[in-house]
Amino acid sequence: MPDPADAPNVAIHLLADASVDLHTHTIFSDGHWQPDALVAHLAERGFRLAAIADHDRFDHLPAIQAQAAERGLTLLPAVEVTTNWHGRVAHLLCYAHALPQQGALARLTAATRDGMRENNAAVAAELGRRGYAFPRQAEVLAASGGRIERPIDNARLLVAHGYVATMETALALIADAGYHIVSAPLAEAVAAAHADGALALIAHPGRRDGEVPPYEPELLATLLDELPLDGIEAYYAVHTPEQTAAYLALARQRGLLVSAGSDSHGPRQRLPIAYPARDVAALLERLGLGPSCY
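Residues numbered from 1 in each chain as written. Predicted model: local features only at pLDDT ≥ 70, side-chain atom pairs only at ≥ 80, totals over all residues. Heavy atoms only, no water.

## Concerning the overall build of the protein
Now for step 1: When helices and strands are tallied, the protein shows 10 helices and 10 strands.
Now for step 2: Its C-alpha radius of gyration of 19 Å places the protein within 12% of the 19 Å reference for a compact globule of 294 residues.
Now for step 3: Going through the 294 residues of the protein one by one, you find that 54% of them count as buried.
Now for step 4: In the form shown here, the protein has an accessible surface area of approximately 12,300 Å², with 54% of it arising from carbon and sulfur atoms.
Now for step 5: If you average the places of the 22 positive and of the 34 negative side-chain charges in the protein, the two averages end up 3 Å apart. (Helix = DSSP H or I, 4+ residues; strand = E, 2+ residues; numbered from the N terminus. Rg over C-alpha atoms; globule rule 2.2 N^0.38 Å. Buried < 20%, exposed > 50% of the residue type's maximum accessible area, 1.4 Å probe, protein only. Areas by Shrake-Rupley, 256 points an atom, 1.4 Å probe, with all protein chains shown as cover. Lys, Arg positive; Asp, Glu negative; His and termini not counted. Charge placed at Lys NZ, Arg CZ, Asp CG, Glu CD.)

## A look at the packing of aromatic side chains
Now for step 1: All told, the structure shown has 3 aromatic pairs when counted by the stated rule.
Now for step 2: For the ring pair Y132 and Y163, a centre distance of 4.9 Å and an interplane angle of 90 degrees mean the geometry is edge-to-face. Taken together, the residues span a long stretch of sequence, with Y132 in the loop between α3 (104–129) and α4 (137–140) and Y163 in the loop between α5 (151–160) and α6 (167–176) at a distance of 31 residues.
Now for step 3: Looking at Y132, the relative accessible area reads 24%, which means it is partly exposed.
Now for step 4: With relative accessibility at 36%, the residue Y163 sits in the partly exposed group.
Now for step 5: Here the aromatic rings of F134 and Y163 are separated by 6.0 Å at their centres, their planes lie at 80 degrees, and the arrangement is edge-to-face. With F134 in the loop between α3 and α4 and Y163 in the loop between α5 and α6, the pair connects residues that are 29 residues apart, well separated along the chain.
Now for step 6: These aromatic residues form a ring-pair network of at least three members: Y132, F134 and Y163.
Now for step 7: Sitting above the plane of the Y215 ring, R88 keeps its charged end 4.6 Å from the centroid. (Phe/Tyr/Trp six-rings, centres within 6.5 Å; stacked < 30°, edge-to-face > 60°. Lys NZ or Arg CZ within 6 Å of the ring centre and 35° of its normal.)

## Looking at the sheet that holds strand β2 (residues 47–52)
Now for step 1: Here 4 strands make up an open sheet; going across it, the order is β3-β2-β1-β10 and the pairing mixed. Looking at which strands have only one partner, the edges of the open sheet turn out to be β3 (74–75) and β10 (275–276).
Now for step 2: Direction of pairing for β2 relative to β3: parallel, over a ladder of 2 bridges. For L49, the partnering residue across the bridge sits in β3 and is T74. (Pairing = 2+ DSSP bridges.)

Dropping the structure here:
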């Protein structure tokens, strides 16, 4: 199990109708929430528990957890890992009472980030060869010190300098310039999560947009036959009621945990959703947050 000294302790007991959102993102991955703005938004709207599950990193979480605690908000240690399974991209949500900064999951996600940086640099170089220049890079990417840290950074530079009008067009352009998804094998990510005492849940299986293909219940059942996942993000912002019901049924059949998240990336995209704690009571109990969720 992780050493609790590696992150602030999570110690909270929730009433059944307490507001929770276990899937949000900040500028530390592909979100545009500033951490302090996200914490303020959640605290001011009465959320009791939330998770910042930035992609492939969690080294920044202890500082944000401490800030949230001052506002009466508990942040659950979490990370969304970019993985692959039989040639398909899959996102894995990992939750724990604490995530060790020197553990197996930290090593796996660091390797993924290193691969992403190498690809981002290659894309930036190719854009330069094609004649794209970004004199305002330091201003546009001020949050990362002017560095190209994420695939979306190259796309943002293209839009900010007027080369394209939309992010969709920019993303297509960087793909043509060599961008590709860097990911870890799903089996390795699940094993790393379990080695660190974390729970591993498949993220947004019914989502049909973006780079991650949907995992319909039948396909997800095949995945579950192969790998020891702990649960499913059944409650998700764009799941239809029918999808939610299907994933809840699969979770019941397999004895799996259920999570709930908005996948909020910022106020310009989607705001956090106040899910009742009862929806994720079994997950929270496994994480040591107490049976008062029921």
